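# Report on the structure
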Amino acid sequence: MFTGIITGVGRIAALHALGSSLDHGRRLAIEAPPGYLDDVGLGDSIALNGACMTVTSLDPDQRQFTIDISAESLARTTGLAEPGHRINLEKALRANDRLGGHIVSGHVDGVGEVTHFAQVGESWELRVMAPPSLGKYLAYKGSITVNGVSLTVNQITDSAQGCEFSINLIPHTVENTALGQLARGHTVNLEIDTVARYVERMLSAGALPSKENA
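Read on for an overview of the structure.

Parameters at a glance
Residues numbered from 1 in each chain as written. Predicted model: local features only at pLDDT ≥ 70, side-chain atom pairs only at ≥ 80, totals over all residues. Heavy atoms only, no water. Helix = DSSP H or I, 4+ residues; strand = E, 2+ residues; numbered from the N terminus. Buried < 20%, exposed > 50% of the residue type's maximum accessible area, 1.4 Å probe, protein only. Contact = heavy atoms within 4.5 Å. Lys, Arg positive; Asp, Glu negative; His and termini not counted. Charge placed at Lys NZ, Arg CZ, Asp CG, Glu CD. Pairing = 2+ DSSP bridges. Axes fitted to C-alpha atoms, helices over the stretch in contact; angles between N-to-C directions. Patch = residues over 30% accessible without salt bridge, like charges linked within 9 Å, V, L, I, M, F, W, Y side chains within 5 Å. Areas by Shrake-Rupley, 256 points an atom, 1.4 Å probe, with all protein chains shown as cover. Salt bridge = Lys/Arg side-chain N within 4 Å of Asp/Glu carboxyl O. Core = buried A, V, L, I, M, F, W, Y, C linked by side-chain atoms within 4.5 Å. Phe/Tyr/Trp six-rings, centres within 6.5 Å; stacked < 30°, edge-to-face > 60°. Lys NZ or Arg CZ within 6 Å of the ring centre and 35° of its normal. Polar contact = N/O pair within 3.5 Å; in protein donor to acceptor, adjacent residues only side chain to side chain.

A count of helices and strands for the protein gives three helices and twelve strands. Its C-alpha atoms give the protein principal-axis dimensions of about 65 × 55 × 40 Å. For the protein, with 214 residues in total, the buried portion stands at 38%. For the protein, long-range pairs separated by at least 24 residues make up 68% of all intrachain contacts whose partners lie at least 6 apart in sequence. Counting 16 positive and 23 negative side-chain charges, the protein places the averaged centre of each group 2 Å from the other.

So, on to the sheet that holds strand β10 (residues 149-159). With antiparallel pairing, the six strands of this closed barrel are ordered in space as β7-β8-β11-β10-β9-β12. Averaged over neighbouring strand pairs, the angle between their axes works out to 45 degrees when direction is ignored. Two elements, strand β7 (residues 110-120) and strand β12 (residues 187-192), share four bridges in a ladder whose sense is antiparallel. When the bridges of β12 are listed, glycine 112 appears paired with valine 188.

Moving on: a nonpolar patch on the surface. Together, Val195, Tyr198, Val199, Met202 and Leu203 make up a nonpolar patch on the protein surface, roughly 570 Å² of accessible area in all. Assignment of secondary structure puts valine 199 in helix α3 (residues 194-205). With relative accessibility at 37%, the residue valine 199 sits in the partly exposed group.

The biggest cluster of nonpolar side chains holds 25 residues, and the ones touching the most others in it are Leu126, Ile144, Val146, Leu151, Phe165, Leu169 and Leu190. The residues touching valine 146, leaving out its near neighbours within four places in the chain, are Leu151, Phe165, Ile167, Leu179, Val188, Asn189 and Leu190. Of all hydrophobic cores here, the second largest spans 18 residues; its members include Leu28, Leu37, Ile46 and Met53.

Our next topic: the packing of aromatic side chains. Geometry of an aromatic ring pair is reported as the spacing of the ring centres plus the angle between the planes. In the structure shown here, the tally under the stated rule is zero aromatic pairs. The ring centre of tyrosine 36 lies 4.2 Å from the NZ or CZ of lysine 91, which sits over that ring.

The subject of this paragraph is the sheet that holds strand β2 (residues 26-31). Overall, antiparallel pairing links the six strands, which are arranged β1-β2-β5-β4-β3-β6 in a closed barrel. Going from strand to strand, the sheet's axes swing by 45 degrees on average, the running direction of each strand aside.

Another point: the pattern of salt bridges. If you walk through the whole model with that rule in mind, you get ten salt bridges. One salt bridge connects lysine 91 with aspartate 39, and the closest N-O pair in it is separated by 2.6 Å. Residue lysine 91 is located in strand β6 (residues 86-91), and its partner aspartate 39 is located in the loop between β2 and β3 (45-48); the two are separated by 52 residues in the primary sequence. Judged by relative accessible area, lysine 91 falls into the partly exposed class, the value being 23%. The closest approach of N and O atoms between aspartate 109 and arginine 197, which form a salt bridge, is 2.9 Å. Of the two residues, aspartate 109 sits in the loop between β6 and β7 while arginine 197 sits in helix α3, which places them 88 residues apart along the sequence. For arginine 197, a relative accessible area of 26% translates into the label partly exposed. What you see here is one network of salt bridges that share partners, running through Arg11, Glu31 and Arg63.

What follows concerns the pairing of β12. Here β12 lies mainly inside the structure; five of its six residues are buried. Here strand β9 (residues 143-146) runs beside β12; their pairing, made up of three bridges, is antiparallel. The partner of valine 146 across the bridge, within β12, is leucine 190.

What follows deals with the side chain of glutamate 191. Mapping glutamate 191 onto the fold places it in strand β12. Of the buried charged residues, glutamate 191 lacks a salt bridge, with arginine 197 as the closest side chain of opposite charge at 4.3 Å. A polar contact of 3.0 Å, which involves the side chain of glutamate 191, links it to the backbone nitrogen of glycine 106. A polar contact is formed between the side chain of glutamate 191 and the backbone nitrogen of histidine 107, at a distance of 3.5 Å. Contact partners of glutamate 191, with chain neighbours within four places excluded, come to Gly50, Val104, Ser105, Gly106, His107, Asp109, Ile144, Thr145 and Arg197.

Remember, this is a structural readout, not a statement about activity or role.
See the structure below:
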């Protein structure tokens with residue numbers, strides 16, 4: 001479980017195949033910020049650009065850890081197979097941590113495309129086209145996770161191509177996450193609000209038949 005509050009920006013230092021075919025996944029070596037791995041152990045969960053992964057090895061002296069990612073996960077995410085690419089990192093939520101963003105599972109629901117990214121005053125406007133299947137989960141002032149970052153939706157526009165949503169990034173977010181490197185045409189990992197997911201399920205299932213008293 002995560003909150004969408006990024007705790008560090010890392011870099012994909014190396015990428016190794018786990019097999020000889022496309023059915024095999026990859027092993028990623030991630031370079032973390034200084035001191036980031038001090039409280040990390042083998043088997044811990046760390047979200048990479050919003051995708052929950054398991055630490056399989058540690059090298060604190062080199063500030064690196066590795067994760068194994070399946071071919072299925074690679075096919076359903078973006079930005080996790082590019083050596084040198086900067087990525088957002090978030091360690092799993094502890095029971096006594098503040099819930100600074102919103103409840104995030106670390107399971108990517110879809111990939112969106114950046115349609116606009118430009119500075120407006122002291123902030124930046126980011127617009128992303130989400131797949132049509134995710135449009136019903138997006139709402140004005142609702143929550144969305146973009147590359148692991150918890151953000152608030154400011155505007156939504158539905159079309160045949162999907163649902164374009166707009167969010168405002170304050171300077172702190174741009175400076176302390178990897179979102180500042182985005183540009184029109186880039187793809188991003190999206191995770192919808194968990195609450196919206198359950199509401200949709202309850203509404204689509206309909207009301208359960210009531211039980212008569214014996």
